[in-house]
Amino acid sequence: MKIGVLALQGAVREHSNAIRACGAEPVEVRYPEQFAEVAGLIIPGGESTTVGKLLIRYQMLEPLAKLGGAGFPIFGTCTGLILLAREIIGSDQPRLGLMDITVNRNAFGRQIASFEADLPVTEIGPPDFHTIFIRAPFITAAGPGVQVLARLDEKILMARQGNLLAAAFHPELTGDLRIHQYFLKLCRK
Ligand code: GLN
C-alpha cells in the first residue's frame, strides 16, 4: 500500500520512515496528480500559513479538500491538524476546512511552546503515548461527528472524523508506530 506524505514543508522524512517501518510504501507528494496513486495522505508539522499558501500555489488545496470530503483518508499532525480545521481562532489563513473543529494555534503559549507529555489515547489503547508538542495547537471545540481520541484537561489533542485524523503532537518523532498503524487501518478500508 502506498501512503502519501505531503512534501511541501516540514517533518516529511520522519513520517516517511514511520510509514516504511509499518510495512507500507511512503510517497512524497508534491503534485495534485499524485493523490490518485496513494491510499491516504499525511500532512506533517511545519508552519500552517506557509503550507496553506503552498497548497494553493501548487493547485492542491481544492482537489485535496474535495477528496477529503469524499472519504479519502487524511492524517494531519500539528500544522496538518490546523489545515483540517473548519475554524482557526483569529485567522483567515487558507485551509482544507474538512473537520468540524475549532483550533487555537500556538495555544500553549511561549513558555511551554514545546513540551512532552504521556497521554492515554482511547481507542488505540494502553500503554500511554509519549507525545511531543512543538509550538502546538489544540482543539477548543469539536462538533457531534467528531470523536475525541486524546485530551489534556479541556484541551483536545487528537480527534477523528470518519476518514480524517488529526493530532496536535508529533507521533513521527517517538518511534511508537501505533498511531501510524491506526491511520493505515483507515487507509485499508
Ligand atoms: N505553530 C505552527 C503553526 O501554526 C504549527 C507547529 C507544528 O506544526 N509543529 O503552523
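Residues numbered from 1 in each chain as written. Predicted model: local features only at pLDDT ≥ 70, side-chain atom pairs only at ≥ 80, totals over all residues. Heavy atoms only, no water.

I would appreciate a short explanation of the pattern of salt bridges in the present structure.
As a working rule, side chains carrying opposite charge can pair if their charged atoms are close by. All told, the structure shown has 5 salt bridges when counted by the stated rule. Glu 47 is the partner of Arg 105 in a salt bridge, and the nearest nitrogen-oxygen pair spans 2.8 Å. Of this pair, Arg 105 sits in the loop between β6 (99-104) and β7 (114-119) while Glu 47 sits in the loop between β3 (41-43) and α2 (48-57); the two residues are 58 residues apart in sequence, bridging distant segments of the chain. Overall, Arg 105 belongs to the partly exposed group, its relative accessible area being 22%. The closest approach of N and O atoms between Asp 100 and Arg 86, which form a salt bridge, is 3.7 Å. Of this pair, Asp 100 sits in strand β6 while Arg 86 sits in strand β5 (residues 85-88), and the two are 14 residues apart along the sequence. Assessed through its relative accessible area of 41%, Arg 86 is described here as partly exposed. (Salt bridge = Lys/Arg side-chain N within 4 Å of Asp/Glu carboxyl O. Helix = DSSP H or I, 4+ residues; strand = E, 2+ residues; numbered from the N terminus. Buried < 20%, exposed > 50% of the residue type's maximum accessible area, 1.4 Å probe, protein only.)

How should I be thinking about the site of the ligand in this particular structure?
In the vicinity of the ligand, the residues found are Gly 45, Gly 46, Glu 47, Ser 48, Cys 78, Thr 79, Ile 82, Arg 105, Asn 106, Ile 134, Arg 135 and His 170. Asn 106 places a side-chain nitrogen or oxygen 2.6 Å from a nitrogen atom of the ligand. In the environment of the ligand, a nitrogen atom lies 3.1 Å from a nitrogen or oxygen atom belonging to the side chain of His 170. In isolation the ligand offers 300 Å² of accessible surface; the protein chains occlude 94% of this area. Partitioning the shell around the ligand into residue classes produces 3 nonpolar, 6 polar and 3 charged. (Near = heavy atom within 4 Å. Polar contact = N/O pair within 3.5 Å; in protein donor to acceptor, adjacent residues only side chain to side chain. Areas by Shrake-Rupley, 256 points an atom, 1.4 Å probe, with all protein chains shown as cover. Nonpolar A, V, L, I, M, F, W, Y, C, P; charged D, E, K, R; others polar.)

Looking at this structure, I do not really get helix α3 (residues 61-69). What am I missing?
Because each turn of an α-helix spans 3.6 residues, side chains separated by three or four positions in sequence point in the same direction. Along α3, the residues classified as buried are Leu 61, Leu 64 and Gly 68. One face of α3 carries all of its buried residues, which in axial projection span an arc of 70°. Exposed and oriented more than 90 degrees from the buried face of α3 are Glu 62, Lys 66 and Gly 69. Of the surrounding elements, those touching the buried residues of α3 are β3, α2, β4 (74-77) and β12 (164-167). At the C-terminal side of α3, Gly 71 shows a positive phi close to 110°. (Arc of directions from axis to C-beta. Contact = heavy atoms within 4.5 Å.)

In this structure, what is going on with the environment of Ala 166? I would like to understand it.
Assignment of secondary structure puts Ala 166 in strand β12. Classification of Ala 166 as buried rests on a relative accessible area of 0%. Sequence separation between Ala 166 and Pro 127 is 39 residues; the distance between their C-alpha atoms is 20 Å. Setting aside anything within four residues of it in sequence, one finds Ala 166 in contact with Phe 75, Gly 76, Leu 81, Leu 84, Met 99, Leu 157, Met 158 and Ala 159.

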